[in-house]
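Chain by chain, the residues run as shown.
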Amino acid sequence: MQRIRVAQPRYWLVGVVVLFFLGFPTVISSFLASEWAQALILAIAIMGLNILVGYSGQLSLGHGAFMALGAYVSAILAHHYKMDYLVTIPIAGLTTGLVGFLFGIPALRLSALYLALATFALAVVSPSLIKRPAGLTGGVQGILVVQPDPPATASSVFAALTGTAMTSDQWIYYVTLFCAVVLFWVAWNVVRHRPGRAMRAIRDGEVAAAASGVNVAGFKTLAFALSAFYAGVAGSLYGLSTGFVSPDTFPVSLSIQLLVGVVVGGLASIPGPLVGAISAYFLPIESSQWVPSQAWIPTQIVTTVKNAGPAVSYGVILILIMIFAPNGLVGLARTGYAALNRRLRGAGDRETGHTAAESQTVSEPD
Amino acid sequence: MQEFLQLVVSGIATGGIFASLALALVLIYNAMGLVNFAQGEMAMFATFVAFTLIGRGVSFWIAFPVTLVLAFAGGILVQRVVIKPVERAPVLTLVIITLGLATLVNGLAGFAWGYVPRSFPSPFSPDSIDLAGVFVGYRDLGVIAVSGIVLLAVYVLLQHTTVGLTLRAAAHHPEASRLLGVHVSWMLALGWGLASAVGAASGMMVAPILLLEPNMMQSIIIYAFAAAVLGGIESPLGAVVGGLIVGVTINLAGAYLPFVGGDLQLAVGLAIIVGVLLLKPNGLFGRAAVRRV
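Residues numbered from 1 in each chain as written. Chains lettered and ligands numbered in written order. Predicted model: local features only at pLDDT ≥ 70, side-chain atom pairs only at ≥ 80, totals over all residues.

Let's talk about the overall build of chain B
Each helix and strand counted, chain B has 11 helices and 2 strands in total. Across chain B, helices and strands are ordered from the amino to the carboxyl terminus as α-α-α-α-β-β-α-α-α-α-α-α-α. Computed over its C-alpha atoms, the radius of gyration of chain B comes to 19 Å, within 12% of the 19 Å expected for a compact globule of 293 residues. C-alpha extents for chain B along the principal axes are approximately 60 × 50 × 35 Å. Within chain B, buried positions represent 51% of all 293 residues. Contacts in chain B between residues at least 24 apart in sequence constitute 73% of all its contacts with a sequence separation of at least 6. (Helix = DSSP H or I, 4+ residues; strand = E, 2+ residues; numbered from the N terminus. Rg over C-alpha atoms; globule rule 2.2 N^0.38 Å. Buried ≥ 20, exposed ≤ 12 C-beta atoms within 10 Å, placed from the backbone. Contact = placed C-beta atoms within 7 Å.)

A word on the overall build of chain A
Regarding its fold elements, chain A presents 15 helices and 2 strands. Counting only residues that meet the buried cut, chain A has 48% of its 366 residues in that class. For chain A, contacts bridging at least 24 residues in sequence account for 75% of all contacts bridging at least 6.

What about the environment of B:T166?
All names here are of chain B. Locating T166 in the fold gives a position in helix α6 (residues 162–172). Note: C-alpha distance between T166 and H183 (17 residues apart in sequence) is 9.1 Å. Each residue touching T166, except ones within four places of it in the same chain, is listed here: V182 and M187.

A closer look at the interface of chain B and chain A
Each partner contributes to the interface: chain B provides 38 residues, whereas chain A provides 36 residues. Mapped onto the side of chain B that touches chain A, the elements with two or more residues apiece are α4 (91–113), α9 (217–231) and α11 (265–279) of chain B. Take the side of chain B that touches chain A: its biggest share by element is 16 residues, from α4(B). Within the side of chain B that touches chain A, the residues separate by chemical class into 28 nonpolar, 9 polar and 1 charged. (Nonpolar A, V, L, I, M, F, W, Y, C, P; charged D, E, K, R; others polar.)

Focus on α6(B)
Residue and element names in this part refer to chain B. Those residues of α6 not exposed but buried are L167, A170 and A171. End-on view of α6: buried residues confined to an arc of 100 degrees, all on one side of the axis. Opposite the buried face of α6, at more than 90 degrees from it, the exposed residues are T162 and H172. Those residues of α6 that are buried are in contact with α1 (2–32), α5 (138–160), α7 (174–179) and α8 (184–206). (Arc of directions from axis to C-beta.)

Some remarks on the packing of helix α2 (residues 39–55) of chain B against helix α3 (residues 60–83) of chain B
All names here are of chain B. Close contact between α2 and α3 brings their axes to 9 Å; oriented N to C, the two are set at 140 degrees. Here α2 is positioned oblique relative to α3, judged by the angle of their axes. By crossing handedness, the relation of α2 to α3 is classed as right-handed. For the pair α2 and α3, the contacting residues are M42, A46, V49, A50, L53 and I54 in the first and F60, A63, F64, V66, T67, L70, A71, G74 and G75 in the second. (Axes fitted to C-alpha atoms, helices over the stretch in contact; angles between N-to-C directions. Parallel < 35°, antiparallel > 145°, perpendicular 65-115°, else oblique. Left-handed = near helix turned anticlockwise from the far one by under 90°.)

A short note on the confidence of the model for chain B
All names here are of chain B. Per-residue pLDDT for chain B has a mean of 88; in total, 98% of the residues score no lower than 70. Model confidence for chain B, summarised as mean pLDDT per element, is weakest for strand β1 (residues 128–131) at 79 and strongest for α2 at 94. Interface scoring of the predicted complex returns ipTM 0.87; its pTM is 0.86. (pLDDT = per-residue confidence, 0-100.)

Digging into the pairing of strand β2 (residues 134–137) of chain B
Residues and elements named next belong to chain B. By the bridge criterion, 4 bridges tie β1 to β2 in an arrangement that is antiparallel. Residue pairing across strands places D130 opposite F135, the latter belonging to β2. In this structure, the hairpin formed by β1 and β2 is closed by a connection of 2 residues, where A132 is found at a positive phi of approximately 50 degrees. (Pairing = 2+ DSSP bridges.)

Brief notes about α3(B)
Taking 1.5 Å as the rise per residue, α3(B) with 24 residues should run 34 Å; its terminal C-alpha atoms sit 32 Å apart, in good agreement. Among all positions of α3(B), only B:A63, B:T67, B:L68, B:A71, B:F72, B:G74, B:G75, B:V78, B:Q79, B:V82 and B:I83 are buried. (Expected span 1.5 Å × (residues − 1).)

Points about unusual backbone geometry
Although it is not a glycine, A:K82 sits at a positive phi angle of roughly 55 degrees. Here A:K82 is to be found in the loop between α3 (63–80) and α4 (85–107).

Observations concerning the confidence of the model for chain A
When pLDDT is averaged along chain A, the result is 83; 88% of the residues meet or exceed 70. Segment residues 355–366 of chain A is flagged for pLDDT under 50; beyond a separation of four residues in sequence, or across chains, it makes 13 contacts in the model.

What about the packing of α5(B) against α6(B)?
Residue and element names in this part refer to chain B. It is the contact of α5 with α6, at a shortest axis distance of 5 Å, that shows an interaxial angle of 75 degrees. By the criterion of interaxial angle, the relationship of α5 to α6 is roughly perpendicular. From α5, L157, L158, Q159 and H160 reach across to α6, where they touch V163, G164, L167 and R168. Here the contact of α5 with α6 is built from residues that sort into 4 nonpolar, 3 polar and 1 charged.

Some remarks on the environment of A:Y72
Residue and element names in this part refer to chain A. Along the chain, the position of Y72 falls in helix α3. Classification of Y72 by C-beta neighbours within 10 Å gives buried; the count is 29. With 53 residues separating them in the primary sequence, Y72 and V125 have C-alpha atoms 16 Å apart. Ignoring any residue separated from it by four or fewer positions in sequence, one finds Y72 in contact with I130, T137 and V245.

Considering the environment of A:V27
Tracing the backbone shows A:V27 in helix α1 (residues 11–27). Sequence separation between A:V27 and A:L340 is 313 residues; the distance between their C-alpha atoms is 33 Å.

Here is the structure:
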């Protein structure tokens, strides 16, 4: 069995990243800020999926459906019951988490393959399920979400920094950033303590974990509930950021996009979902612009590339990453960094593989 | 009653289509313990190839077998290029790879043929025949006949030829087969080729009913999943029986359950999958899996 290796967290790096995301909207346009807000929303959902797939080893291809649930809970509460949208975000998360918990109980009986199959079917079916109670969900049209104006204090601070008034897109960006920071912090705490160790033990060998006294059923359903909670919050924010929710906002390809994010970033990694989300969000946008809009290229080809580009690049990336870099971009960066470190510090002792400077692993404190 | 029987017959026809695709899934499941999420997309791609051939003036009855051969070769190619490097990887990796493959094939089809739905010619007449008061479409009969032939051919190949025996041996006892001189890896490729061809047949039969476009198989694959799970995912006979049951069930549910109607038929497929997995995970014909820990 692999020894659990826990490197000392790099707090300065976390600080730099958070500061970067805090300051970023002051230098980019409001439109770009809303794009980055969507990337952060994906990061939250991907973090949730990562807890489920990366840490507890259960594959869900239907997390888009959980996002849809969160989005609709918020939209319905805000639209039909006139609640403040921001208040509905935690409610959406908790509701989805509860549903995820209930979903996790039958999922216990399924093998990884069957679970993948059932959740994939759920993702395909969910748009038509949403359309049915049209009075509640608005049917095909969906529900419009009123985007909130930024509060006066936030707006004046922002105005003092940039000289322009804060738009609601920028406010939504900051709301999203706040949720993302909190949820990443929670995830980091969960996975490096008892629940995380239990989940990893289950992932690597269910029987061995049970024999060591890990409550297998409990932690597997906990992973499902937590993962769905993240998806619910992400879905709620997604509705807020796009300004409406409709059944077609949550197609199967959204679930695929989440999976791409988890895999590209790196399974069972905390920075992975952020890296993965940025790749999974901006890749289709970039790849749909592969063909320059020149006059001599027929528009038909341009539109085809626009439509097919994301699918082709997603597919190629999923396959290549799984074959050549199963630990994702973060894994690649780690290996590269370690190799660079070894090079810089000298070859070390070839016999034992230890460098002279320090031991490679840091054992976990407790 | 008459309407009921007509619904049953057309249900059997669509069931035959599901059965073919489910059989393709079962073939690959037996070969490597994997559900191929790209099966539907591969079938869709093959159907586009047939569409192109027919568009060039080739008759349907020539395009059909030519496409099957091409799909067979394509399946082998996919196995060699994409699956072979990860043959021994955990199931999670394999599932993600087949999903990537599904997305890739879908995008490539969109690349080559665009997303505008096209009508695919049916070789059968649109008329009906009066069988003792029940009007049965020639198209339904034709689909039943074609899927019957395809399924029979697979059965004969697997059960009554040396290749079939080797294929089954390699799937069930890879180590022993390797010791006896079977080239197991190539047998897996052969399994992929066969599955791809069987799936292509289902695609070419469903295309005249739906319209041909890259997302055509998205709902069909769910029904095929339901069929395979219902039959017990390792049983070829189960896939056929499951396919027929699913076909008839969704047809009847769509017509007689006002709550289901046309737009929730897919949800019936989901309900079958979830229900079977929870109540009888081994399906109708599967054996109880005994796992050694």
